[in-house]
Amino acid sequence: MALDVLSMAYPPLIVFAAALLVLVLPRIAGFAVGAASLAAVLAVSLVAPEGQHLVGTFLGFEVVPFYVDDFSRMVGLGLGFLGICSVIYAYSSEASKTLVAFALVYVSSSIGAAFAGDWLVLLFMWELMAVTSTLVVWHYGGEAVRAGFRYALFHGTGGVLVMMAVAVHYVQVGTFVYTDAGIANGIPALLAVLGMGVNVAFIGVHTWLPDTYPRPHIAASVFLSVYTTKTSAFVLYRAFPVDAGSDLGIYIAYMGGLMAVYGATFALLQHDMRALLSYHIQAQLGYIVAGIGMATMGSDLAAAGAMSHLFNNVLFKSLLFMAVGVVIYRTGEEDLYKLGGLWREMPLTAIGFGFGALSITAIPGFNGYVSKGMLFDAADPHYYGQPEYQALYWLLWLGAIGTLLSFIKLGYYVFFHGESDLEVADAKPGQTVAMLGLGGACLLFGVWWQGLADLAPTIHGLEFEYYGGHSHLHPYSLGHLETAGILTAVAAVTFVLVRKPLSKLDLGDPAMIVYPATYAVSRWTMLGVTGTYAAVDRTVVGAVKRCYWIGNNPVLAVDAAAGRLPDWLIAVDERQPTDGGRPSTIHLRTGIGTTVLLLTLVLTVVLWLLVV
């Protein structure tokens, strides 16, 4: 009976109801309800029975709003736990009730997309996620408004492409319900990867990330840092699942490798702390995308690594945004080069940052080490990777070195470089609870890695299959520890060598040219469209007005038209004013020859029409 009730408890609806209550309840009560709703999502994700729930029809199509399997369960657990911590953090960070209500509706749509069992429900949640996340950005006002508008344009475009992919998929397959084969091959797969690529920050369509996430309230950045990108990466997996055998798999994998390098490189060049973290969202998504690409070609280890890294990324990326947010909240400073020595002033925040940094850089003992190690092994031809992954493996290596360099730089300049000129308080109790809760989870799944492996789909009893056979997971083997040590040493030595010249660099992302270029094209396109519309409008309105006048003044109309004809064709006597309302008369004069010609033409046309 309890399991039946849980199968009816639709997680997005629970969070949506809490969002409405946040608006009407006192602040502390509303935030408590919001956190409780996400605790309910966590519980439902943990114990809801596997399979399709709430199955029905919509406009004659079969829909599955609530689908539970190992993949959606893992994502639901991560999103639910993060949601609890984020609401607590928002309360301590003085976020308004309206902001948190918007954020909870955004979270509910993200959870709805994760638990969707068909493409039709997915589309609804996907678009709702885009709209509500835009509202979360806009709520802060100021520069966030323009950034939110650009954000909406990107996600609107991506949503249209996904919608087209789903429509063509339905035509080919005949159902919206998910299948083991994912999205149909051909046009649907191509449209899907392009549309979803916007949300997972493929290179070239990633600029909304560093443009948007540094601008809203610090609590809004925490919500934004996870829900859109991680949910979208999971949906990308739904489109290209393990063993799908898609022709696009190798291209997806290499796009992921390039994202890891690109994101880490431009993160290293940032002065703005939240911009640095935003680029690292792209970099870490690169690892997930690479894993999805390898998984679709038959690697169980890559699928487990992608989903485990997605789960871990939910924890450590939000933790890093929280820690940086506390620094901004207390100091009012966004530029990392204008800080330093804060570990003495803010030891709890420094610890929270340390947990997140050690996790994202894959230091042994933390969760990122385990999941990133799976992806390295899946790509390495000397372990479980295929020969065509050799270049991908080195791209992932370069991304890992860049990640280490970025977080050595961020931690050094914010917390350890020099003496602090500021006397500031540490994190508030709620902020501390949220950070240490997430940090504890990062440490837990790094030490108790078997628990992470138990959650990871496609790994059963720590055993996985790959294209050459099957093997067991062993993240703390001597070879893996040596690899981690080499990466860390290379990054540490490199930072010592490049620290001073790096601090003088302030290079922009070349892809940002998309904004002025898009603005110019959009402006002239808009002017062309509106100018054409205005001309057509003037023509149509003028024609209607003339027809109306002619209908009411036929004599004057004929007189005026005749007056415009050349004198050799027809002569018009000057019309005299009428007397006492006497009807106007037309005074026309023309020669006999012209009259005969006109009559001949008229009679010819009439006869032609009668004959035809």
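Residues numbered from 1 in each chain as written. Predicted model: local features only at pLDDT ≥ 70, side-chain atom pairs only at ≥ 80, totals over all residues. Heavy atoms only, no water.

Caption draft 1: Layout of the overall build of the protein. Along the backbone of the protein there are 23 helices and 8 strands. The buried share among the 612 residues of the protein stands at 52%. Counting only contacts in the protein whose residues sit at least 6 apart along the sequence, the fraction spanning at least 24 positions is 79%. Carbon and sulfur atoms provide 69% of the accessible area of the protein, an area that totals close to 26,200 Å². (Helix = DSSP H or I, 4+ residues; strand = E, 2+ residues; numbered from the N terminus. Buried < 20%, exposed > 50% of the residue type's maximum accessible area, 1.4 Å probe, protein only. Contact = heavy atoms within 4.5 Å. Areas by Shrake-Rupley, 256 points an atom, 1.4 Å probe, with all protein chains shown as cover.)

Caption draft 2: View of the pattern of salt bridges. Per the stated rule, a full pass over the model turns up 7 salt bridges. Across the pair aspartate 211 and arginine 215 runs a salt bridge, and its minimum N-O distance is 3.1 Å. When its relative accessible area of 4% is taken as the criterion, aspartate 211 is described as buried. Note that glutamate 419 is salt-bridged to arginine 344, the shortest N-O span being 3.5 Å. Here arginine 344 lies in the loop between helix H14 (300–331) and helix H15 (347–360) and glutamate 419 lies in the loop between helix H17 (390–416) and helix H18 (429–447), a separation of 75 residues in the sequence. The partly exposed category is assigned to arginine 344, whose relative accessible area is 48%. The network of salt bridges with shared partners includes Glu143, Arg150, Asp211 and Arg215. (Salt bridge = Lys/Arg side-chain N within 4 Å of Asp/Glu carboxyl O.)

Caption draft 3: Geometry of the packing of aromatic side chains. By the definition in use, this model includes 29 aromatic pairs. Their ring planes at 40° and their centres at 4.7 Å tell us that tyrosine 262 and phenylalanine 266 sit as a pair that is tilted. Here phenylalanine 266 and tyrosine 262 lie together in helix H12 (residues 249–268), a separation of 4 residues that amounts to about one turn. Given the relative accessible area of 17%, tyrosine 262 is considered buried. Centre to centre, the rings of tyrosine 393 and tryptophan 394 are 5.2 Å apart; their planes meet at 65°, and the pair counts as edge-to-face. Members of the aromatic cluster, each reached through a chain of ring pairs, are Tyr287, Phe376, Tyr393, Trp394 and Trp397. Above the plane of the ring of phenylalanine 31 lies arginine 27, whose end atom (NZ or CZ) is 4.6 Å from the centre. A cation over an aromatic ring shows up here: lysine 372 above the ring of tyrosine 287, its NZ or CZ 4.6 Å from the ring centre. (Phe/Tyr/Trp six-rings, centres within 6.5 Å; stacked < 30°, edge-to-face > 60°. Lys NZ or Arg CZ within 6 Å of the ring centre and 35° of its normal.)

Caption draft 4: A nonpolar patch on the surface, seen in detail. On the surface, a cluster of nonpolar side chains totalling about 370 Å² of accessible area is made up of Trp138, Val145, Phe149 and Leu153. Within the secondary structure, tryptophan 138 sits in helix H6 (residues 119–138). (Patch = residues over 30% accessible without salt bridge, like charges linked within 9 Å, V, L, I, M, F, W, Y side chains within 5 Å.)

Caption draft 5: Expanded view of the environment of alanine 264. Summarising the element assignment, alanine 264 is placed in helix H12. Given a relative accessible area of 2%, alanine 264 falls into the buried group. Through-space distance from the C-alpha of alanine 264 to that of tyrosine 279 is 6.7 Å; in sequence the pair is 15 residues apart.

Caption draft 6: Broad picture of the nonpolar core. In this structure, Trp119, Met196, Phe240, Met273, Phe407, Leu410 and Val414 are the most contacted members of the largest nonpolar core, which totals 179 residues. A total of 20 residues in this core trace back to one element, the largest contributor, which is H14. With sequence-adjacent residues up to four places away left out, methionine 273 is seen in contact with Val324, Val327, Ile328, Glu333, Glu334, Leu336, Leu339, Leu410 and Val414. (Core = buried A, V, L, I, M, F, W, Y, C linked by side-chain atoms within 4.5 Å.)

Caption draft 7: Local environment of the pairing of strand S5 (residues 463–466). Pairing analysis gives 4 bridges linking S5 to strand S6 (residues 469–472), with the strands arranged antiparallel. Bridging from a neighbouring strand, glutamate 463 pairs with histidine 472 of S6. Counting the residues in the hairpin turn of S5 and S6 gives 2 residues. (Pairing = 2+ DSSP bridges.)

Caption draft 8: Fine view of the packing of helix H8 (residues 187–199) against helix H11 (residues 227–239). Where H8 meets H11, the closest approach of the two axes is 8 Å, and the angle between their N-to-C directions is 160°. In terms of orientation, H8 lies roughly antiparallel with respect to H11. Of the two possible hands of crossing, H8 and H11 adopt the one that is left-handed. In this structure, H8 contributes Val193, Met196 and Asn199 to the contact, and H11 contributes Thr228, Thr229, Ser232, Val235, Leu236 and Ala239. Of the residues in the contact of H8 with H11, the class split is 5 nonpolar, 4 polar and no charged. (Axes fitted to C-alpha atoms, helices over the stretch in contact; angles between N-to-C directions. Parallel < 35°, antiparallel > 145°, perpendicular 65-115°, else oblique. Left-handed = near helix turned anticlockwise from the far one by under 90°. Nonpolar A, V, L, I, M, F, W, Y, C, P; charged D, E, K, R; others polar.)

Caption draft 9: Unusual backbone geometry, seen in detail. The phi dihedral of leucine 59 falls on the positive side, at around 55°, and the residue is not glycine. Along the chain, the position of leucine 59 falls in the loop between strand S2 (56–58) and strand S3 (61–63). Although it is not a glycine, alanine 201 sits at a positive phi angle of roughly 65°. Inspection of the secondary structure assignment puts alanine 201 in the loop between H8 and helix H9 (208–212). For alanine 201, a relative accessible area of 0% translates into the label buried.

Caption draft 10: Representation of empty space enclosed by the protein. Inspection of the entire model under this criterion finds 1 cavity of 30 Å³ or more. In terms of residue class, the lining of the largest cavity is made up of 6 nonpolar, 3 polar and no charged. (1 Å grid on protein atoms, 1.4 Å probe; cavity = no way out; pocket = protein on both sides within 12 Å on 5 of 7 lines; lining within 4 Å. Points joined across faces, edges and corners; volume = space filled by probe spheres on them.)

Caption draft 11: Structural detail: the packing of helix H4 (residues 70–92) against helix H5 (residues 97–115). Their axes nearest at 10 Å, the elements H4 and H5 cross at an angle of 175°. By the angle between their directions, the pair H4 and H5 is classed as roughly antiparallel. Residues Ser72, Val75, Gly76, Leu79, Val87 and Ala90 of H4 lie in contact with H5, whose contacting residues are Val100, Leu104, Ser110, Ile111, Ala114 and Phe115.

Caption draft 12: Highlighting H11. Its 13 residues give H11 an end-to-end C-alpha distance of 18 Å, which sits within 8% of 18 Å, the value for a rise of 1.5 Å per residue. Extensive coverage of H11 is indicated by the burial of 13 of its 13 residues. (Expected span 1.5 Å × (residues − 1).)

Caption draft 13: Representation of helix H16 (residues 367–379) within the structure. An ideal rise of 1.5 Å per residue puts 18 Å on 13 residues; H16 measures up with 19 Å between its terminal C-alpha atoms. For H16, a buried count of 13 out of 13 residues is recorded, marking the element as mostly surrounded by other parts of the structure.

Caption draft 14: Looking closely at the side chain of asparagine 312. Here asparagine 312 shows up in helix H14. Judged by its relative accessible area of 0%, asparagine 312 is buried. For asparagine 312, the side chain forms a polar contact with the main-chain oxygen of asparagine 367, separated by 3.0 Å. Those residues in contact with asparagine 312 that sit more than four places away from it in its chain are Asn367, Gly368, Ser371 and Leu452. (Polar contact = N/O pair within 3.5 Å; in protein donor to acceptor, adjacent residues only side chain to side chain.)

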